[in-house]
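# A closer look at the structure
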Amino acid sequence: MRAVRFFFSRWQNWIGLLIVLTFTVVAISAPLLSPPDKDTQGSFKKVGRSTDRTPHPPDEISILGTVPGQIDVYHTLIWGAREALQFGLLVAIGAFVFGTLFGAIAGYFGGFINSLMMRIADAFLTFPVLAGVVFLQQLVAITIESMGGIYWFNLYYFGPVVDFQFTPPPFAVFLMKVDPILISLIIFSWMPIARIVNTMVITLKNADFIQAARALGGSPARIILRHLIPNAVGPAIVLAARDVGSSVIMQATITFIGLGGASAWGILLSIGRNWVIGPGGGLLRYWWVFLPVTIAIILFGVGWNLLGDGLLEVLDPAANAYGGKSLFRQKQKKGKNDAQPAKIPDPIRHSPNPDLALKTRGTLLTPMSNSAEKHPVLQTARDALAKKDFEHAVHAYSHLIKHRRNLNEIRQDMIDYARQFPNQPIIWNLLGDVLTQEGKHEYAEKAYEHARSLTS
Amino acid sequence: MRQLYTVIPDWEELCAALFLNSWSKIIVIILMPPFLQFLIRRLFSAFVSLVIITMVLYAGVMLTPPEARARLYLPPGKGGDRASEAFIGVLIRTHHLDEPYLVQYFYWAKSLLTGSWGYSPTLNADVLPSLLHRTPATLELALYSLLLLIPLGLASGLISGWRPGGIFDNGFRSLAFLGTSMPSFILSMILIAVFYIQLDWLAPGRIDVTTELKMYRTGFVEYTGALTLDSLLNGQIDVFFAAIRHLIMPVFTLSIYHWATLGRITRATILNERGKEYITAARARGVKESSLIWKHALRAILAPSLTAMVLSAASIVTGLFVIEIIFGLTGVSQVIVISMNSSPDAPAALGFAVYSVIMVLGLMFVLDAIQALLDPRVREEVLKT
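A brief structural summary. (Residues numbered from 1 in each chain as written. Chains lettered and ligands numbered in written order. Predicted model: local features only at pLDDT ≥ 70, side-chain atom pairs only at ≥ 80, totals over all residues. Heavy atoms only, no water.)

When its secondary structure is counted, chain A shows 22 helices and four strands. A separation threshold of at least 6 residues defines the contact pool for chain A, and within that pool the share at least 24 residues apart is 67%. (Helix = DSSP H or I, 4+ residues; strand = E, 2+ residues; numbered from the N terminus. Contact = heavy atoms within 4.5 Å.)

Another aspect to go through is the overall build of chain B. Of the regular secondary structure elements, chain B holds 19 helices and two strands. Expressed as a percentage of its 385 residues, the buried residues of chain B come to 48%. The long-range fraction of contacts in chain B, counting pairs at least 24 apart against all pairs at least 6 apart in sequence, stands at 73%. When the accessible surface of chain B is split by element, carbon and sulfur atoms take 67% of a total near 18500 Å². (Buried < 20%, exposed > 50% of the residue type's maximum accessible area, 1.4 Å probe, protein only. Areas by Shrake-Rupley, 256 points an atom, 1.4 Å probe, with all protein chains shown as cover.)

Every contact between the two is made by 57 residues of chain B and, on the other side, 50 residues of chain A. The contact between chain B and chain A buries some 4800 Å² in all, and 77% of this surface belongs to carbon and sulfur atoms. Connecting chain B to chain A are one salt bridge. The residue R71 of chain B makes a salt bridge to E145 of chain A at a minimum N-O spacing of 3.7 Å. For the pair chain B and chain A, the number of links is five residue pairs in polar contact (both at pLDDT 80 or more). When contributions to the side of chain B that touches chain A are tallied by element, the ones reaching two or more residues are α3 (34–62), α4 (66–69), α9 (167–181), α10 (184–198), α16 (313–327), α17 (334–339) and α18 (346–374) of chain B. Among the elements that line the side of chain B that touches chain A, the one with the most residues is α18 of chain B, at 10 residues. Residues belonging to the side of chain B that touches chain A are distributed by class as follows: 39 nonpolar, 13 polar and five charged. (Buried area = accessible area lost by both parts, 1.4 Å probe. Salt bridge = Lys/Arg side-chain N within 4 Å of Asp/Glu carboxyl O. Polar contact = N/O pair within 3.5 Å; in protein donor to acceptor, adjacent residues only side chain to side chain. Nonpolar A, V, L, I, M, F, W, Y, C, P; charged D, E, K, R; others polar.)

Moving on: α10 of chain B. The end-to-end C-alpha distance of α10 of chain B is 20 Å, a good match for the 21 Å that 15 residues give at a rise of 1.5 Å each. At I192 of chain B, α10 of chain B shows its strongest bend, of approximately 25°. Inspection of α10 of chain B places F185, I186, L187, S188, M189, L191, I192 and A193 of chain B among the buried residues, and these make up the whole buried set. Turning to α10 of chain B, the residues buried within the fold contact α12 (234–256), α13 (264–272), α14 (274–277) and α15 (287–315) of chain A together with α13 (237–273) and α16 of chain B. Looking one or two residues beyond α10 of chain B, the residue adopting positive phi is D200 of chain B, at roughly 60°. (Expected span 1.5 Å × (residues − 1). Bend = angle between axes of the 7 residues up to and from the residue.)

Residue and element names in this part refer to chain B. Phi is positive for H96, close to 60°, though the residue is something other than glycine. The class for H96 is partly exposed, based on a relative accessible area of 22%. For N124, which is not glycine, the phi dihedral falls at a positive 55°. By relative accessible area, which is 56% here, N124 ends up exposed.

Since one α-helical turn is 3.6 residues long, residues separated by three or four positions face the same way. All names here are of chain A. Relative to the 21 Å expected for 15 residues at 1.5 Å per residue, helix α22 (residues 441–455) spans 21 Å between its end C-alpha atoms, a close match to the ideal helical length. Taken together, the buried positions of α22 are occupied by Y443, A444, A447 and A451. End-on, the buried residues of α22 take up no more than an arc of 105°, which puts them together on one face. Within α22, the exposed residues directed more than 90 degrees away from the buried face are E442 and R452. (Arc of directions from axis to C-beta.)

Moving on to the side chain of S43 of chain A. Residues and elements named next belong to chain A. Residue placement: S43 occurs in the loop between α3 (30–33) and β1 (66–67). Polar contacts involving the side chain of S43 include one to the side chain of E83, which spans 2.5 Å. Those residues in contact with S43, other than ones at most four positions away along the chain, are H75, T76, W79, G80, E83 and A264.

α10 of chain B packs onto α15 of chain A with a crossing angle of 145° between their chain directions and a minimal axis gap of 11 Å. Considering how the two elements wind past one another, α15 of chain A and α10 of chain B form a crossing that is left-handed. In contact with F290, T294, I297 and I298 of chain A of α15 of chain A, α10 of chain B contributes F185, I186, M189 and I190 of chain B. (Axes fitted to C-alpha atoms, helices over the stretch in contact; angles between N-to-C directions. Left-handed = near helix turned anticlockwise from the far one by under 90°.)

A separate point is the packing of helix α21 (residues 425–437) of chain A against α22 of chain A. Residues and elements named next belong to chain A. Interaxial distance between α21 and α22 falls to 8 Å at its minimum, and their mutual angle equals 165°. Of the possible angle classes, the one that applies to α21 and α22 is roughly antiparallel. For the pair α21 and α22, the sense of crossing is left-handed. Residues P425, W428, N429, L431, G432, D433, L435 and T436 of α21 form the contact with α22, whose participating residues are H441, Y443, A444, A447, Y448, H450, A451, L454 and T455. (Parallel < 35°, antiparallel > 145°, perpendicular 65-115°, else oblique.)

This paragraph deals with the packing of aromatic side chains. The relative placement of two aromatic rings is captured by the distance of their centres and the angle of their planes. Residue and element names in this part refer to chain A. Applying the stated criterion across every chain, the model contains 27 aromatic pairs over all chains. Pairing F23 with F300 gives two aromatic rings, centres 5.1 Å apart and planes at 75°, and the pair type is edge-to-face. One end of the pair, F23, is in helix α2 (residues 11–28); the other, F300, is in helix α15, with 277 residues separating them in the sequence. Residue F23 is classed as buried on the basis of its relative accessible area, which comes to 12%. (Phe/Tyr/Trp six-rings, centres within 6.5 Å; stacked < 30°, edge-to-face > 60°.)

Nonpolar side chains in soluble globular proteins generally cluster together in the buried interior. Ranked by internal contacts, the top residues of the largest apolar core, which has 195 residues, are L130, L259, W265, I297 and F300 of chain A together with M309 of chain B. Per-element accounting of this core gives the leading share, 16 residues, to helix α4 (residues 73–109) of chain A. Residues within four places of F300 of chain A in sequence aside, it is in contact with F23, A84, L85, V244, G245, V248 and W265 of chain A. (Core = buried A, V, L, I, M, F, W, Y, C linked by side-chain atoms within 4.5 Å.)

Right, here's the structure in full:
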């Protein structure tokens, strides 16, 4: 719940979520927003003679105009979002599943297997995606040719064409159905996920709950799937969320430069490119050829990136992506209980315990709440302790310490009571808790140690 | 007498890899400064990476039936569907294509090392020479982009991270956000539409026709293949400016994304580094703020920032190819553009894949070397592990 509130405290996250939700809604309701007719092929709808090679400006039939061949921009924009979302999610899920399994298995077995598997992942990192995309498509092509088909890349803008003189064998049909860009983007985007999961698994591997699972006779597969992976996937989800946007942009890029791929947005841009960057073209003159699709592509990438950044912050608040401005924190400053830090003399330096005062000299004292205003629970706690009702006192003090209220007073109380009842371990434990909350771990440890020596 | 560097745990392995006997081992250890040891180590690890990735590539090839694999070895004039079944059978036997994976990989790796990378039917030439003679154009673009983006990325990250929340910081973060969210092909379309179509200040392509004709008439000699360098060597300053005019847009497009990424990482690093004690100590000693940034902090953040660059070397090379294709620079990527035009051309694609991996490893090696040259901690650390 706290994480959710933290997530929604930033306007960047709101924008990211809004963009992603908009694209999702558009993708789901594409048949309503732009119903296809009988001439529609995939994401392309013809609204005129296809021999007409000039782009037409927006009118009643086509809301956002047409590109050469009279393909409706609006229809492709809507249905392209559907394709893009599908493609991006498939790549992200594929990379996520494979990367997580790879990293977790390597980390679990450790030693030689780990270094070998991670070496392989590193080797994959040295491979440019573009070369992989081309290589995979060529492999598919030569396989189909060896079965007797004739393969053409890029006969028109609409991807490869395969010509069989006879009924194609089932494997060739399967190969024609598979999208090589999808596969190669999965193959070349799992490595960062594997690396991050690997690091997490290696640190988690020796934790008590994993040891317990192993002692109970859990098989490696069960331990990896049920215990290690659920605890290690947090950062990997962030990377996967970013992959959704970046893989769609990569697909559009590959399609635009004519190296295969079936990104509807990329195809639309490459059909219209000569009217923007060809002779006589112009950005403003034929804006509808270029602008709507461009904005869609950029927003798609930005939305998923913002979402990823927001998730990263929720999972790891130390990674502050935006440099520390937060609506949430600003609201906290204005809150009632957190008044301006009062300028009271630091009690620990003037404390009755000269040793403690001496030891803390020079350390920076930054209690979360220096409020002079006393919390009502403090009085309850003091009353309980005066009655030697330790149980209630500990409960009340723990509550205050946990919420960092009146830490100075509590510390002083504890020091006083420790003098009064030097043999009560609870007091020393509470003193340790206070000091821990203040960040003075050394002294806290000493207090805990004293408490332990009293109990044993 | 040089210092003896004997603290290399697996130097036996290293020397075995370099085919050194015991005598030369001793000489190597006595004479080698740590920087050279670092370079040799990095070369070795790059070679291991190359072996792994070529094994993976060939495993991909192995997924296809032997008849398809034989198409990698088709000689000139026998291309495509014209190859008879009997001839394919001969190819399978002569190139050991029906043997186990490792044997096949061995023969293929041998042919890679001896320089026979196959014949590409669409280029109508051997693969390796056609890759090699297109390389200078690619290297030219990469060199200028790196020279632009590394200093700028470090500098802007440093300045904006030094005073977070300042005007420069906000400006940098907005620009970096724009730079990372703008896909390169869209940016290049906008640039071409504005600066070429509308204003005609800059131009895509490698060189314009009039300059090319003039070069042809005056007997332009290609020494290196990189036009900016050759024009200076030939003493033709107008060709130099023409080449620069064609390079500005691609260099800008390639730099902007990686500039933003590098700047962001540098900014994050300096945010941590700013509060360290040595900075406070230096400030207390009265060191000027400017020399605090450019001497003390810069040295400390070089290694982590450049490490991030090393990890994104593959994406830099991919961006390089994409931008070459969009701007029509006839670099290495022309090979795949031609091979993806009509009928299949697997030898070109396979050769290109291996070649681009070598380019990435080379880029990583250069960045590592720069890092080790500038930061003594890096070379010491690598030698210890």
